[in-house]
Structures are given as C-alpha cells and as structure tokens.
Amino acid sequence: MEDTMQSSEQIGLLSEKQLNHSTSELEFAAFIDRLRTDSKHKDIIRLLSERHPVYKGRTAKTMVRMRGYAIASFEAMGLPRASLPYITEILENSFEPYLVAASAKGLRGAKEPLAYTSVYLVRAILNIMKRDAPISFEDYRPKWPLKQFTTAMFEILETLRWMGAYAGSALPELRMLQNGYNDYLNQSTKDRLQDTIHAIESDTRKVDLSCCDVNAIMASEEAWEKDGYQTVRPGLELEDQSGRQLEWKDYFQGKYSVVVFFYTRCLNPRKCTRTIFNLVDIQNEIKQAGLGADVRTAAITYDADFDSAEALETYGNSRQFQFSDDHRMFRVPDEFPELRQAFQLGVNYNGKVVNDHRIELFLLDEKGQIVKSFLRSQTAPDLVVRTIQEHMAQNKEESSLQVGLWSRVGNGIRQLFNSVSTIVLPLIIAFFPKCPICWMAYLSFFGIASMESIPYSPWLFPVVCVMLVLNLILLYRIAKRRNGMIPFVVSCTGTFFLLLIAISEGVWEWPLVPGLILLLIGALLNSLDKRIYQRMQRFFMDAYFHGFSSV
Amino acid sequence: MEHINEYLESLKKEVENSSQEVHPHVERLERLGGDEEEMNQMFEMLHHPEVSPEEKYSILQMLDTVSIFSPLLHAKMPEYVNALRGLMEDESPELRHKVFEILSVMKDEVAQERLMGVIRNGDDSLVPFHSAIAMLGLDEKALEQGLVRDIIMNPPNEESLIQALRHFDGDEESLEPLINILLDNNISMEARALVPEIIKDINPQALLETVDIVLNENGPNADIIPFIAREVNELKGGEHHDFAEETKGKILDVIDDVADEAKGFLNDIFSSDDDEE
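Parameters at a glance
Residues numbered from 1 in each chain as written. Chains lettered and ligands numbered in written order. Predicted model: local features only at pLDDT ≥ 70, side-chain atom pairs only at ≥ 80, totals over all residues. Heavy atoms only, no water. Helix = DSSP H or I, 4+ residues; strand = E, 2+ residues; numbered from the N terminus. Buried < 20%, exposed > 50% of the residue type's maximum accessible area, 1.4 Å probe, protein only. Contact = heavy atoms within 4.5 Å. Core = buried A, V, L, I, M, F, W, Y, C linked by side-chain atoms within 4.5 Å. Buried area = accessible area lost by both parts, 1.4 Å probe. Salt bridge = Lys/Arg side-chain N within 4 Å of Asp/Glu carboxyl O. Polar contact = N/O pair within 3.5 Å; in protein donor to acceptor, adjacent residues only side chain to side chain. Nonpolar A, V, L, I, M, F, W, Y, C, P; charged D, E, K, R; others polar. pLDDT = per-residue confidence, 0-100. Axes fitted to C-alpha atoms, helices over the stretch in contact; angles between N-to-C directions. Parallel < 35°, antiparallel > 145°, perpendicular 65-115°, else oblique. Left-handed = near helix turned anticlockwise from the far one by under 90°. Phe/Tyr/Trp six-rings, centres within 6.5 Å; stacked < 30°, edge-to-face > 60°. Pairing = 2+ DSSP bridges. Patch = residues over 30% accessible without salt bridge, like charges linked within 9 Å, V, L, I, M, F, W, Y side chains within 5 Å. Areas by Shrake-Rupley, 256 points an atom, 1.4 Å probe, with all protein chains shown as cover. Expected span 1.5 Å × (residues − 1).

**Student:** Please clarify how the overall build of chain A should be interpreted in this entry.
**Tutor:** Scanning chain A for helices and strands turns up 22 helices and 9 strands. The proportion of buried residues among the 551 residues of chain A is 50%. Put simply, of all contacts in chain A between residues at least 6 apart along the chain, 71% involve residues at least 24 apart.

Take a look at the structure:
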C-alpha cells in the first residue's frame, strides 16, 4: 500500500520541509492533524502553495484533496491572514467542490467575520451550484455512501449565515438566487438559503460594508510569497507566436513589461482565458494612458511542449490579443525550469501536464527586473497601469536625485577647494621664510628638532611672489559668489605692503607685519559664512553712519 | 439569419409531422427529471441491499439519461454522487464497472482515487486494470505519469500496455523501453503503432535513427514502417527537416520491395505531402 500509515511518532518527527512527492496522502493528512493541534499556521500556509514539492507528480484531484484538507483545518485552529489570498482565489476561480467547501469552512476560523469575503462566497455559489458533490471533513478517506454529508453549497451558506450582518452586501445576490435559480436548487438547499438570508437580515450588528478595495487587500496579503525572485539570464531563449527566436534581453530589457503566465490546455475558464482577456484590457489601458511606446506586454506559456507558436497565435487571436512587436505571446522551448525558478512561479506538473497553477502577473522594469507581482487574483487594468506610472515616476526621481547627488558632491569639493585655497595660501605666505631673519627664527626652532642644517635659498622669494599673485586671482574669482570685493581689496593692500619689502630689497622691514595681517584678514573675510559676513557688514556700516551707541 | 430561421421552420415541420405518441419509457424519464421525491426513492433503492444488481443497473441507466436534461438532478448532484460512490464496491462487477464509468465521466475525485489505487497496487478487484487506465484517461490530469511509465516498462497484459501507451506523454527515461516495444515483433501491432508518435515527441532524432534499425532488422516489409513514416512526415519543415527528408528517401528507396497494401499507405502519406508542396 502506497498510503501505509507511519507510526504517530514518525509522523510527529516530520517537518513541513521533509514533505515531498513520496509522502503518502495519509501521512500528509496526519501531518495536518498534528499541526492543527499545535496551531502551527506557518507550516500549513507553505503547504497551500502549488509549487510545494509535496505536490510534484500528483494528479490535479489529489492536490485538491490535500490542499482542501489543509485549508479546512483553519476553522479549528484559527484563520491566518496569510491564507486569505489562497482562499479567495479558490472561491473565485475553483470548480472543485471539496476545495471550495474547505475554503468556505476555513473562513469561519476568523476571530471576526471579514465582510469583503462575502463577495467571493457569492461568486463561489455560481461556480459550484451545478456541479456540487458530497463532502466529509470528518475523515480523510470516508466510507461511502455517507449517511450525513456536507456540500460546497452548504458550507458557503453556513459561512454566510455565520457572518450575519457582515455578509449584508451579499443579500441582493442571495435573493436573486432564491427567486431566479429555483430550478437549480434542491429542497434542502432552498431551506438553508432561506435560513441564511434570515440570519443576515436579523443580525442587528452595525458593520461598515463600504469596505473594501479587494485588490489592495490582496496585494498586501500575499507579500510573503514574493521571496526569492531572481534576475532572468539575459540569454534565455524564447520563441514568439510567429516562430521568431529571440533572447530574453531582446524583449524584456529597454522598456517596462507586463508579464502573465498561462497555457492553452487550461480547462478552467476563470483562470488562463480570463488572464488573457484581462491582459487585453491592460493593453487597452496602457494605450489610453499614453504609455503605448513605453510598455510591452507578454503572455508566456507554462506548457511549451504542447503550446506551439501556432497554438499560441490561435489562442491569442481568439481572445482579441493585440499582437504587435511590443505585445507578444512566448514559449520557452528548453529552459522553462530556469524561468520558473526566477519568477518562483506557482505551478506544478504531473509529468508534462500542468496539474495546478495560480493566477500571476508581474511588472518588470527597463532592466528586466521584477518590480511588482500581483498574485492569485485578476488584477484590475487601471491598477496595473497606475503601478507602472508610479514606478516610472519613482525611477525618474531617483535618477534626478542621483544626478543631483553627484553635482552636490562636485560643488562641495569645489567650495572646499575655494575656501581652503583662500585661507591656506595666505597662511603659507604668512609663515613662509621670506628673509634671513625668518630663517634664523625657523632655524632656532628646527635646532630643537635637529634640523638646523637647512640652508637659506634666495630662489624661494619668487615662489612667494607667485603664491601671492595666485592668492589674489583666487580671491577675485570667488568674490562675486562669496562676500564681495572687500576681502580682495584687503588682500591686495596686504600684498602691496609685502611687495614694498621686495622693492626696498629688504631695507624696509616694517611693512611685513601689517602686510601679513591684512593678508590674513582678507582671507578670513572671504571664508566667512555669507550670513555672518552680512551681519558683520551691517554692524560696521551702522557703526560708521550712526555711531556705536545706536548699534 | 435567414438560414437559421429556415432551419428552425424545417425542424418544426418535422416535429409536427412525426408521431404524436411518446414512448412510455420516455414519458417516465421526463417525469423523473422533474420529480424530486421519485429521485430520492431511486437513490435509496441504489443503497438498498434487497434490490437486485440488475434493477440497480437499470436505475443507473435511467438516472444517467436524466442527468443530460434535468436541472433538478444537477441540483441533487451531491445525493446522486453519494449513491454512486456507495456502489463502487458493490459485489456485481457489471454494476461496479457502470458506476466507475459514470463517475469517471464526471471526473469524480473519489472514483479517480480508487482507480489510481487499482493501478498503484495492481489489485483489479474493483475493475480490470486496463479499464482503470482507460477511465482515468478520460481526465488528462488524472493519471500519474510516473505510474503510466512503470506500466509501460512492466505491463501486466497487452490491453494494459495499449491503454498506458494511449495516455502516456513520454519522457527521456522511457525512450529506450519505447524503442524496444517498437522493435519487438512479439508485441501486438495495436500497441507498437502507438509508439512512434510518443518517441517523436520525446526525441525526433531517435525516431529517425530507428528507421535504419527497423529496415536493417525487419526489412522493408516491416508492418511498423507506415506508422513510423507518418511521424517522419510530420517532422518535415521543422528543426529536423533535412534528416526527415533523408529518412523519407530511405523509405522510398525500398518502396518497390514493400507489400502492396503498405505501399499504398506509404504513397498516400508522402504524396499528400508533395501535393501540399
């Protein structure tokens, strides 16, 4: 027997990561039962993903049973928020009674009813009403026929009844069901429907039913599934619907892209067919928003073995896909596993056949990097376009910020150079040994440091002259941007005094001190903060015109 | 629109001219389709131990027919399916077979699980092994391909091999066993004829190489040649076009030595292609 039970101790030792394609269904069920008693939500959430290794190679119906059993456990152990994208996706898109029943049941594990889920429950009624089945959650493998059983419809109605006033927005649809679909309901369903409507109507709790932007709720809920995206290898080979061969970078770099995944053999009209119709709406929205030249769209098949280029073209044409150079369908003939890994696609296979997949849409930037994903529900076209616009604006801002940053760094360096040059140069000039006396003073200092043997060199005098001229040039150039011409004039005066020493061939020594002081004052005035300089200027002007008493 | 209206008019006339008498059996079916109470009674009879298998079989046939047109039976699907599932282990093999047939068409998950058990465990006490494969094959997502490959490698009987080949996607691992089946003259032609298409899908080059082996080992009169030729022809125009043309040439080189019946078949295959060109 493949489904031989392990002993309870062995099962107790299993962790979620040890579950794989060889784990039997009964082992899986026992594992869920153990988690239910331990209330280990996180482990169960991971098991809801189609890409979990435990589903590899299983049939679609086996996945339905296993996932359904896990979801139903939330009624007893409490409903984790992270499970909501899965549950709403199932209620909206699944035609499997067991999975739908489990999802409706799981919702009753919430501490407080979630008003927005009533929309999904009503959609599930329409999906399931003509193909319901007997269901038992008491036992993973019940003995048939069952004396008592539940159904997907009963579980949905029970959840709506439990929600009471929180399901108020579902009342019009429930009444329509009661009046318009009478032929499709058996007597016990009619009775339960009546009970449900009554329970909602008689619940007097005040509930805000204006909630909610479901897309936004879902976008925040599914964040945990976004781990592990990788950059696709630029050389990954693609073939489009016309049979043209190209590499990933040829199409997915240079412009923003909206990418969806699908396959033509998909039997669920709420999934792949709707995904493509939704992409067509997104194409229209892109054009209307004036982004036609900036955004590409792509639909990539999960099933390259079956979906030939011709099959893609036929499928697209029958769904009004607007093929062009910027809007294409692709198959990845040999390297799809690599793409699946990079996008962390929610798809699993039984042999070459897709056994289950989620709804998934990705936004890629101009470099081909995934910047946003919308998972598990069809995303409103305007939300997709709005998100692209936001990203484009953000990108533009970041680019200009980067340009701004570099220019600020450049300016800073220039300012620093100007400030330093206008202060340091006068200081160097001030302390430069300009005559034999200076040399004696320095030699006296150097003597302490055993550096007395440095000789006086007359050629150093022209160097001082060059530095003085350079200092004046810098001050003049910076004068307009800094503190005006006064520092320059002061420095010019100081330089004139120092040149008097040269003119007198060292006979006059008295200009040395005032020359150096004026040179330093000029440098300091120039390097002062503009506001401080202006305040100081006003102070002296006032003092000059009105006397110090009034200052 | 005119054509549709004309067609509707002709249908109306046809109905008016036909006999006004409705067969009593049809009347009963029509009544049953709208009678919830009678349906409930029938479901109970299907569970009842004193009702004979023949009667139960007859009820199943009626409900199966009613399910085509009755919205009420759709609304009562859970009760109906519960009753059907309850007969999956009935003592009567005919009844069990009928029940699995009906449930398989519905793609019922419980029936599929039981049928998968037949294949997995080799226990055909519920339905014959090959029937289990055929019934699961009604849903392309219902067969575990790994199990189908195992059956092809070790088939319990010829019928099971045929069914397994009909529902096998093929993979690299199975290439060698498939070529062995193709070349094995002891296996029925019904089974071998299914193999070239699977090999072509896995590895076209391998199929083209097989032609040489078949011609060398079995000569031009090998019965399998036309089935291979059909798949070789499909490869033209693609990545393996040149090699496919070369292989076609090899087959045509020996066509004069081929028996008349096979010659006609081969000529049809290749000439239809030439016409298109």
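**Student:** Help me understand the nonpolar core in this model?
**Tutor:** Within soluble globular proteins, side chains that are nonpolar generally end up buried alongside one another. Within the largest apolar cluster, 82 residues are counted, with the highest numbers of intra-cluster contacts made by Ile119, Ile152, Leu178 and Ile199 of chain B. With residues near it in sequence (within four places) discarded, Ile119 of chain B still touches Phe129, Ala132, Ile133, Leu136, Leu143, Leu147 and Ile151 of chain B. In terms of nonpolar packing, the next biggest core, distinct from the first, is built from 64 residues, Met63, Tyr98, Tyr120 and Tyr140 of chain A among them.

**Student:** What should I look at first to understand the interface of chain B and chain A in this one?
**Tutor:** Where the parts come together, the accessible area they lose is often given as the size of the interface. Taken together, the contacts link 35 residues of chain B with 38 residues of chain A. Taken together, the two surfaces of chain B and chain A that pack against each other cover about 3,000 Å², and 52% of this comes from carbon and sulfur. Across the chain B-chain A interface, the total number found is 4 salt bridges. Linking Glu140 of chain B and Arg265 of chain A is a salt bridge whose minimum nitrogen-to-oxygen distance equals 3.9 Å. Inspection of the chain B/chain A interface yields 13 residue pairs in polar contact (both at pLDDT 80 or more). Every element with two or more residues in the side of chain B that touches chain A is listed here: α3 (36-47), α5 (71-75), α6 (77-86) and α8 (109-121) of chain B. The class makeup of the residues in the side of chain B that touches chain A is 11 nonpolar, 8 polar and 16 charged.

**Student:** Teacher, can you tell me more about the side chain of Thr150 of chain A here?
**Tutor:** Residues and elements named next belong to chain A. Structurally, Thr150 can be placed in the loop between α8 (117-128) and α9 (152-163). A polar contact is formed between the side chain of Thr150 and the side chain of Glu155, at a distance of 2.7 Å. If we ignore the near neighbours within four places in the chain, the residues touching Thr150 are Ala133, Pro134, Ile135, Phe137 and Glu155.

**Student:** Honestly, the confidence of the model for chain A in this entry has me stumped. Any pointers?
**Tutor:** One rule of thumb: low pLDDT means the predicted coordinates there are not for detailed reading. Across chain A, the average pLDDT comes to 85, with 81% of residues at 70 or higher. The low-confidence segment residues 1-9 of chain A, where pLDDT is below 50, has 16 contacts with residues more than four positions distant or belonging to other chains.

**Student:** I keep staring at the packing of helix α4 (residues 53-69) of chain B against helix α7 (residues 93-105) of chain B and nothing clicks. Help me out?
**Tutor:** In helix packing, the relevant descriptors are the interaxial angle and the interaxial distance, both defined with respect to the helix axes. Residues and elements named next belong to chain B. Across the interface, α4 lies against α7 with an axial gap of 10 Å and an inter-helix angle of 15°. By the criterion of interaxial angle, the relationship of α4 to α7 is roughly parallel. As for the relative orientation of α4 and α7, their crossing is left-handed in sense. Along the contact surface, α4 presents Pro53, Lys56, Tyr57, Leu60, Gln61 and Asp64, while α7 presents Glu94, Leu95, Lys98, Val99 and Ile102. Residues of the contact of α4 with α7, tallied by class, amount to 6 nonpolar, 1 polar and 4 charged.

**Student:** Looking at this model, I keep getting lost on the packing of aromatic side chains. Mind explaining?
**Tutor:** The geometry of an aromatic ring pair comes down to the distance between the two centres and the angle between the two planes. Residue and element names in this part refer to chain A. Within the structure shown, the criterion is met by 22 aromatic pairs over all chains. Taken together, a centroid distance of 4.9 Å and an interplanar angle of 70° make the contact between Tyr251 and Phe330 edge-to-face. With a gap of 79 residues between them, Tyr251 in helix α13 (residues 248-252) and Phe330 in strand β5 (residues 327-331) connect regions that are remote in the sequence. What makes Phe330 buried here is its relative accessible area of 0%. Here the aromatic residues Tyr229, Trp248, Tyr251, Phe252, Phe261, Tyr263, Tyr302, Phe330, Phe336, Phe343 and Phe362 are joined through ring pairs into a cluster of three or more.

**Student:** When you look at the sheet that holds β5 of chain A in this model, what are you seeing that I'm missing?
**Tutor:** The pairing of strands in a sheet comes from backbone hydrogen bonds and takes either a parallel or an antiparallel form. All names here are of chain A. An order of β2-β1-β5-β4-β3-β8-β9 is seen for the 7 strands of this open sheet, with the pairing classed as mixed. One side of each edge strand has no neighbouring strand; the edge strands of this open sheet are β2 (245-247) and β9 (370-375). Strand-to-strand twist of the sheet, defined as the mean angle between neighbouring strand axes without regard to direction, takes the value 30°. Two elements, strand β1 (residues 237-240) and β5, share 2 bridges in a ladder whose sense is antiparallel. The residue of β5 that forms the bridge with Asp240 is Phe330. Of the strands in this sheet, β1, β3 (256-262), β4 (295-301) and β5 touch helix α15 (residues 309-317), which is tilted by about 140° from β5.

**Student:** Where do I start with a nonpolar patch on the surface in this structure?
**Tutor:** A cluster of nonpolar side chains, contributed by Ile4, Tyr7, Leu8 and Leu11 of chain B, occupies part of the molecular surface with about 390 Å² of accessible area. Take Leu11 of chain B: it is sitting in helix α1 (residues 2-17).

**Student:** So what exactly am I meant to see when it comes to the side chain of Gln241 of chain A here?
**Tutor:** All names here are of chain A. By the element assignment, Gln241 lies in the loop between β1 and β2. At a separation of 3.0 Å, a polar atom in the side chain of Gln241 contacts the main-chain amide nitrogen of Met329. Filtering out sequence-adjacent residues up to four positions away, Gln241 remains in contact with Ala309, Glu310, Leu312, Glu313, Phe323, Arg328 and Met329.

**Student:** Mind showing me how you'd approach α8 of chain B here?
**Tutor:** Each α-helix winds once per 3.6 residues, and so residues spaced three or four apart point in a common direction. All names here are of chain B. Between the first and last C-alpha of α8 there are 18 Å, a value that for 13 residues agrees with the 18 Å anticipated at 1.5 Å per step. Across the 13 residues that make up α8, a large majority, 10, are buried. The complete set of buried residues in α8 reads Glu109, Val110, Ala111, Gln112, Glu113, Leu115, Met116, Gly117, Val118 and Ile119. A distance of 3.2 Å separates the backbone nitrogen of Val110 from a side-chain oxygen at the start of α8, and that oxygen is part of Asp108. Backbone geometry just after α8 places Gly122 at a positive phi near 70°.

**Student:** In this structure, what is going on with the pattern of salt bridges? I would like to understand it.
**Tutor:** Two side chains carrying opposite charge are able to pair once their charged atoms lie near each other. Residue and element names in this part refer to chain A. Tallying each qualifying case throughout the model produces 48 salt bridges over all chains. The partner of Arg67 in a salt bridge is Glu50, and the shortest N-O contact between them spans 3.6 Å. With a gap of 17 residues between them, Arg67 in helix α4 (residues 60-72) and Glu50 in the loop between α3 (41-47) and α4 connect regions that are remote in the sequence. The salt bridge partner of Asp356 is Arg67, with a shortest N-O separation of 3.4 Å. Taken together, the positions of Asp356 in strand β7 (residues 353-357) and Arg67 in helix α4 put the pair 289 residues apart, joining distant regions of the chain. Owing to a relative accessible area of 2%, Arg67 belongs among the buried residues under this scheme. Look at the salt bridges and you will find they share partners, linking Glu50, Arg67, Glu89, Lys271, Asp356 and Arg376 into a network.

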